[in-house]
Amino acid sequence: MSAPVGAVGREHPRLEGQDKVTGAARYAVEYPVEDVTYGWAVPAAATRGRIVRVDAAPALALPGVLDVLHHGNAPRLTPGVDADLFLLQEPTVHYRGQFVAVVVAESIETAREAARLVRIDYDTEPHSTVLSEHHPGLYRPDKVNPSYPADTEDGDFDAGFAAAEVRIDATYRTPAYHNNPMEPHATTARWQDGRLLVHDSNQGSSPVQATLAELFALPREAVRVVAEHVGGGFGSKGYAKAAVVLAALAARQVDRPVRLALTRQQLFGPIGYRTPTIQRVRLGADADGRIAAVCHDAISQTSTLTEFTEQAAVYTRSMYAGRHRRTTHRVVRLDVPTPFWMRAPGECPGAYALESAMDELATACGLDPVELRIRNDPTVDPEQKQPFTSRNLVACLRDGARRFGWADRDPTPGVRRDGRWLVGTGVAGASYPARARAAAAAATAAPDGTFEVRINATDIGTGARTALWQVAADALGVPVDRVAIRVGDSDLPAAGVAGGSMGTASWSWAVIRACEGLRDRLRQAPGGAVPADGVTVEVSTADEVRAQRPLPRYAYGAHFCEVRVDADTGEVRVPRLLGVFAAGRVVNPTTARSQLIGGMTMGMSMALHEEGVLDERYGDWVNHDFAMYHISGCADVERIEAYWLPEEDPDLNPAGVKGLGEIGIVGAAAAITSAVHHATGVRVRDLPVRLDKLLEEQAEDGGSNRDGVPP
Amino acid sequence: MRAFRYHRPADVTEAVALLDADPEAAYLGGGTNLVDLMKLGVQRPGLLVDVTGLPLDTVEPGPDGGLRIGATVRNSDLAARPLVRRDYPLLARALLDAASGQVRNMATTGGNLLQRTRCAYFQDTAKACNKREPGTGCAALHGQNRELAILGWSERCVATHPSDLAVALVALDAVAEVREPDGPRDVRLTELHRTPGHHPERETTLPRGALITAVRVPPLPFARRSTYLKVRDRAAFAFAVGSVAAALDLDGDVVRDVRLAYGAVAHRPWRAYRAEELLRGRPITAELAAQAADAELAAARPLRHNGFKVPLIRNLTVRALTGLAGSVRP
């Protein structure tokens, strides 16, 4: 007998897994389209200035080229929707790499070649592309992403810090990071009878539909956006971006379907990136490590087009106790692309800074860094002054310490040696908000006893489709094999983006309500019979989500790691990375583990490898491909383990989930850099921890033998 | 990318004649570098002459020891040869530390030696590069140059040669068998690659159209005690930021002979003759190895971001030589 309940919490492979690995799953530019043409985006070769002339003739002379769109001839877009998407409308160049033309041709090779032949002359102006704490253009924004106040103050930080027995005052720097999903931003666009249909790679096709409707001055129903399979986004596809707009413009211009995919090189900038940050953290504590004063000042950059301020110091507002508190954000408009969401915007760089400062405080107090965090675990939210709906940071730290074997750790830095390797361990805490957005969903019962659930959720590879299918089966009270789920199409009931770790919480909320509604309806049906055309219930959670009390809701985690640093070369390897998380209910352990391990890996990559290397003369990142922008590989780490604690929090959402997409990256980098310090005695406060930084420190300190360790 | 013609020649003579006849023709080996550069618009050949079908894909022992490696032998095949692993461990190591499994399955011996620099400015047609477009300047000289040269560079070019294999072959005094329009010729590996000087666009001493058909590795019994140490920014699939190829011949603890070459420090694989000279005839110690490296690196002129390569190469030299010395002790 098959159990009718209990799909949630069980391992299940991704429903579309086989389609993906066999190539049957279609991505945005893989749909067969008759009469299709190919678009190729042309980036600006100036950093700031104006286009004074576009000579498309050499490109148009190439056989197979259909058109070259630029600001002088492209179809008009609605102004005021989004400055970053007001593409090919004006001659102004705001940053190097901004798309200033699109070539459309009969083949992708011809389009690429023709793009090279488009001659553009610029009137250039002096530019400013380097973030610095001394930049005269720094200002306090009205709000930081998405809508937090820029500054907060509670108590008297200056007095509290001055009176503290132990003080840490450290500045941490992070470089630009680039999202780099496997599938680039890519679109197939076609117009038919005044309607626009796009197959687009994005994290939420309802918002993309809305933006396209505004830009092209169409009723929303005249735009359909399909994103059935998406090869990742890491936040960069959380909103309509250049590719979909350029493809739609080009398709309108040539009156044929257009496929346009950005190159890997073109993903470094125009689609958003994580801003570099400069973060000063001050912690004042008593000799026992109890924090009295905490201040986090975060500096980041935005573009001249749109203000986007990474909320790096927001993490500090709720993480650890301390009576006197201050957080600030300053931002500067540079001649650079607009930064955007990248996995845990705000929390990721913010936690790197705060958790690193906590490690420095532990060292200064002679206290174990796990114990320091436990001592400073607040009972109510330090700023909101309200109890957390659930807060299991201490449980994560304790469980992680037990699993990792932390207990007998010698805190002395730079004294453990295994052959050529200096060995160290590190720990960091993590938290990420558990939020939800409104969504709509529909559930249909068919006479044969099967069900279909529809919601415009987006599965960007996370397993969202599978998780919602499990949730739906339980909500309907039937085995999963009687349920079909449809996602990824703006014709389905509207839902928000796969982002902010809100996907499963928001979407399952709507799915559950739709399924509950359907069960009610079926109970009322005469004789329980389902008519031939089925029974459908469609719901929206807008009112329910709006009515939710504004309580501090967070997921928590703790990272533990071991690193090895080659004493002669400064090379860093990670034998072990272990994370324990408390993130509410876990719907599908298979895909949950994948999300957590992915986040932790990305955090390790941030600590050790990733860095957009800016050339200020050009104002772009010179290492703009996968050969030069290094992302951690399997050989860099031996073992990654992710665990989670059972957690029931009735104050979240009907599924009881907190979201897992981001918590894994938060804090991971600080655990690694703290372990590097434990191994070598060297504190690297500007990421990534490259071998040259460790080599230079060692050279200054008299070589690898400086701690009295025999070579 | 530019539309191109593609041809598979029947033999070496036809291949060389095709290149000789067409100034826009280029040889295609595994394509692991050229095809990327074609997409980027850095190289724009009108005709690709695919040499991978030529009968140059065997590895044979030489008449009196040594090896003869056909130019189209794939990197992964060469690394797997028992003869290579036993007699020339530094070759196998250099091959296996390079690129990824997939790239090694495609890349050929000849193509590996003739691959282009991975200098970021060379690969970006929107930036100044004397190697790509002579006379436009070198954006790397005062740009982001952490990965670039410390030895033998010129104001015109600070690029490094990216091959690991070439460093090992230079240490071994290998010889390239080359077919030119006028006939065959031998070119010593130590003389194959150039320093940039005034003409960074000329990377090798080969005339246009020359085809490497094989690489001969002379017999060197003590190469069984050899190693290749490569340091890179991540543990796999990354170019070296510094590497050392070394082979050591000891009489007791006295250096009877030694081979030492450095990678990722110059426009060519860097044979460390000065260090070798200092080492010969002296008892091997860590101090001597460091002195030898210092003697070789005395000529180093680090750029703004790559000063770390000097201590890195010194440390690698010490590790390589003391490691090899240790491995011959009972």
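Looking at an unreviewed UniProt entry, one finds chain B named Molybdopterin dehydrogenase, with Micromonospora sicca as its source organism.

Going by an unreviewed UniProt entry, chain A carries the name Xanthine dehydrogenase and comes from Micromonospora sicca.

A. Here's a closer look at the domain arrangement of chain A. Residues and elements named next belong to chain A. Entries for chain A in the domain assignment read domain 1 (17–25 + 437–546), domain 2 (37–126 + 181–263) and domain 3 (277–434 + 551–700). Taking the mean C-alpha position of each, domain 1 and domain 3 sit 35 Å from one another. The partner domain 3 presents 16 residues to the 15 residues of domain 1 that form the contact. Taken together, the two surfaces of domain 1 and domain 3 that pack against each other cover about 1,200 Å², and 62% of this comes from carbon and sulfur. Run the count over domain 1 and domain 3 and you get 3 residue pairs in polar contact (both at pLDDT 80 or more). Contributing elements (two or more residues each) for the side of domain 1 that touches domain 3: α11 (464–476) and α12 (503–524). When residues in the side of domain 1 that touches domain 3 are grouped by element, the largest group, 6 residues, is from α12. Within the side of domain 1 that touches domain 3, the residues separate by chemical class into 5 nonpolar, 9 polar and 1 charged.

B. View of helix α15 (residues 668–680) of chain A. Compared with an ideal rise of 1.5 Å per residue, which puts 13 residues at 18 Å, α15(A) spans 19 Å between its outermost C-alpha atoms and is within 8% of the ideal. Across the 13 residues of α15(A), 13 count as buried, placing the element largely inside the fold.

C. Representation of the UniProt feature "domain: FAD-binding PCMH-type" (unreviewed entry) in chain B. Within this structure's numbering, the places UniProt gives as "domain: FAD-binding PCMH-type" (unreviewed entry) are residues 1–222 of chain B. As annotated, residues 1–222 of chain B has a helix share of 25% and a strand share of 17%, and its two end C-alpha atoms lie 48 Å apart.

D. Highlighting the interface of chain A and chain B. Every contact between the two is made by 32 residues of chain A and, on the other side, 32 residues of chain B. At the surface where chain A touches chain B, the tally comes to 5 salt bridges. The salt bridge involving B:R319 is made with A:D566; its shortest N-O contact spans 2.7 Å. Summed over the shared surface of chain A and chain B, the number is 17 residue pairs in polar contact (both at pLDDT 80 or more). Put simply, the parts of the chain that give the side of chain A that touches chain B at least two residues each are α3 (108–117), β26 (614–615) and α16 (691–700) of chain A. Looking at side-chain class alone, the side of chain A that touches chain B contains 10 nonpolar, 5 polar and 17 charged residues.

E. Examining helix α10 (residues 393–404) of chain A more closely. Residue and element names in this part refer to chain A. With 12 residues, α10 extends 16 Å between its outermost C-alpha atoms, agreeing within 8% with the 16 Å of an ideal straight helix rising 1.5 Å per residue. Inspection of α10 places L393, V394, C396, L397, D399, G400, A401 and F404 among the buried residues, and these make up the whole buried set. Elements in contact with the buried residues of α10: α9 (369–375), β19 (421–433), β24 (554–566) and β25 (572–582). Two residues or fewer after α10 comes G405, characterised by a positive phi angle close to 80 degrees.

Rules used in this analysis
Residues numbered from 1 in each chain as written. Chains lettered and ligands numbered in written order. Predicted model: local features only at pLDDT ≥ 70, side-chain atom pairs only at ≥ 80, totals over all residues. Heavy atoms only, no water. Domains from an automatic or database assignment. Contact = heavy atoms within 4.5 Å. Buried area = accessible area lost by both parts, 1.4 Å probe. Polar contact = N/O pair within 3.5 Å; in protein donor to acceptor, adjacent residues only side chain to side chain. Helix = DSSP H or I, 4+ residues; strand = E, 2+ residues; numbered from the N terminus. Nonpolar A, V, L, I, M, F, W, Y, C, P; charged D, E, K, R; others polar. Expected span 1.5 Å × (residues − 1). Buried < 20%, exposed > 50% of the residue type's maximum accessible area, 1.4 Å probe, protein only. UniProt positions renumbered as here; feature names shortened; annotations may be inferred. Salt bridge = Lys/Arg side-chain N within 4 Å of Asp/Glu carboxyl O.

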